[in-house]
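Each chain is listed here by its residues.
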Amino acid sequence: MITATGNFVAFGLDTLRGLSRRPFQVREFVRQAWFISSVSILPAALVSIPFGAVIALQLGSLVRQLGAQSFTGAASVLAVVREAGPIVTALIIAGAGGSAICADLGARKIREELDAMRVLGIDPIHRLVVPRVLASMLVAVLLNGLVNVVGVGGGYFFNIVLQGGTPGAYLASFQALGQLPDLVVGEIKALVFGAVAALVASYKGMTAKGGPKGVGEAVNQSVVITFMLLFALNFVITAIYFQVIPQKGT
């Protein structure tokens, strides 16, 4: 466990060092960004609708019991922007994009393509991992914006239609409690989550062993490990945010 953790940290540092190396693999970056976005956009949009709806319905029922119906909009929107949006983005990136990255690099590993690249003097991390990590980070940030828009729109619709809320009160309460750092921290979470998902997937793919069966096991492990790291990182970033940024109304 300790050895694997150390190897992963070293792998991440090598990837960070490869960011400054030239030439930058522009074509690979564009190709990976397009691929990750193509497999992630539709699932993210479809998942964010029920996420926003469930949050709006649950919070709407809770604030009604507390007699604070005027704050339904603020609670729903902040829950989507701060927490649900980055989490949905991370789950989709890790489940769709990360598994594809791990399978691709794992297949290259068992075909000994990575060893052939090293023999030719080509660094696989610089050539293959760095473009995938940057592409995953870019797509995660953009996808988080889409998830926020769809999730907030879904929550707005269900609150107004099913719970009898008023559009004016919904928007006014968010303006009263929401602030720009709420959106910024959501984008930072998406950026970090995208990097972690790509790093874990790349590491597990490049260390896969045992033929096609080993690649399949590496894909499963990469998704599970990524989910565990994402929830832990989400807690850390949220705790730091509440300590550093003063909240409205407090």
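Residues numbered from 1 in each chain as written. Predicted model: local features only at pLDDT ≥ 70, side-chain atom pairs only at ≥ 80, totals over all residues. Heavy atoms only, no water.

Caption draft 1: Up close: the overall build of the protein chain. Check the secondary structure of the protein chain and you find eight helices and zero strands. The N-to-C order of helical and strand elements in the protein chain reads α-α-α-α-α-α-α-α. Once local pairs closer than 6 in sequence are excluded, the contacts in the protein chain between residues at least 24 apart make up 87%. Carbon together with sulfur atoms contributes 72% to the accessible area of the protein chain, which is approximately 12600 Å² in total. (Helix = DSSP H or I, 4+ residues; strand = E, 2+ residues; numbered from the N terminus. Contact = heavy atoms within 4.5 Å. Areas by Shrake-Rupley, 256 points an atom, 1.4 Å probe, with all protein chains shown as cover.)

Caption draft 2: Empty space enclosed by the protein, seen in detail. Scanning the model with the defined rule gives one cavity of 30 Å³ or more in all. Asp14, Arg17, Gly18, Arg21 and Asp123 are the residues that line the largest cavity. Of the residues that constitute the lining of the largest cavity, the class distribution is no nonpolar, one polar and four charged. (1 Å grid on protein atoms, 1.4 Å probe; cavity = no way out; pocket = protein on both sides within 12 Å on 5 of 7 lines; lining within 4 Å. Points joined across faces, edges and corners; volume = space filled by probe spheres on them. Nonpolar A, V, L, I, M, F, W, Y, C, P; charged D, E, K, R; others polar.)

Caption draft 3: Spotlight on the packing of helix H7 (residues 180-206) against helix H8 (residues 211-244). Running from N to C, H7 and H8 cross one another at 155°; their axes reach a closest spacing of 9 Å. One element, H7, and the other, H8, form an angle in the roughly antiparallel class. Crossing geometry of H7 relative to H8 is assigned as right-handed. In contact with Pro181, Asp182, Val185, Lys189, Val192, Phe193, Val196, Ala197, Val200, Ala201 and Lys204 of H7, H8 contributes Ala218, Gln221, Ser222, Ile225, Thr226, Leu229, Leu230, Leu233, Asn234, Ile237, Thr238 and Tyr241. Among the residues making up the contact of H7 with H8, the classes are represented as 15 nonpolar, five polar and three charged. (Axes fitted to C-alpha atoms, helices over the stretch in contact; angles between N-to-C directions. Parallel < 35°, antiparallel > 145°, perpendicular 65-115°, else oblique. Left-handed = near helix turned anticlockwise from the far one by under 90°.)

Caption draft 4: Region of the structure containing the pattern of salt bridges. Scanning the model with the defined rule gives nine salt bridges in all. A salt bridge links Arg111 to Glu113, with the shortest nitrogen-to-oxygen separation between them at 2.8 Å. Among the residues examined, Glu113 registers a relative accessible area of 29% and is labelled partly exposed. The network of salt bridges with common partners includes Glu28, Arg31, Asp104, Arg108, Arg111, Glu113, Arg127 and Arg132. (Salt bridge = Lys/Arg side-chain N within 4 Å of Asp/Glu carboxyl O. Buried < 20%, exposed > 50% of the residue type's maximum accessible area, 1.4 Å probe, protein only.)

Caption draft 5: Fine view of the packing of aromatic side chains. Per the counting criterion, the structure on display carries two aromatic pairs. Ring geometry for Phe8 against Tyr203: centres 5.6 Å apart, planes inclined by 75°, an arrangement best described as edge-to-face. Of this pair, Phe8 sits in helix H1 (residues 2-18) while Tyr203 sits in helix H7; the two residues are 195 residues apart in sequence, bridging distant segments of the chain. A network of ring pairs unites the aromatic residues Phe8, Phe11 and Tyr203 as a single cluster. (Phe/Tyr/Trp six-rings, centres within 6.5 Å; stacked < 30°, edge-to-face > 60°.)

Caption draft 6: How the structure looks around the confidence of the model for the protein chain. Of the residues in the protein chain, 86% have a pLDDT of 70 or more, and the chain-wide mean is 81. By mean pLDDT, helix H6 (residues 167-177) is the weakest element of the protein chain at 68, and H7 is the strongest at 87. (pLDDT = per-residue confidence, 0-100.)

Caption draft 7: Just the UniProt feature "transmembrane region" (unreviewed entry) in the protein chain, in detail. Cross-referencing UniProt, the feature "transmembrane region" (unreviewed entry) maps to residues 33-55, 87-107, 128-147, 184-203 and 223-244 in the present numbering. The span residues 33-55 shows a helical share of 100% and a strand share of 0%, and its end C-alpha atoms are spaced 30 Å apart. End C-alpha to end C-alpha, residues 184-203 measures 29 Å, and it is 100% helix and 0% strand. (UniProt positions renumbered as here; feature names shortened; annotations may be inferred.)

Caption draft 8: Spatial organisation of the environment of Ile93. Its location among the elements puts Ile93 in helix H3 (residues 72-110). Judged by relative accessible area, which is 2%, Ile93 ranks as buried. For the pair Ile93 and Ile41, spaced 52 residues apart in sequence, the C-alpha to C-alpha distance is 9.5 Å. Residues in contact with Ile93, not counting those within four places in the same chain, are Ile36, Ser40, Gly98, Ser136, Val139, Ala140, Leu143 and Ala197.

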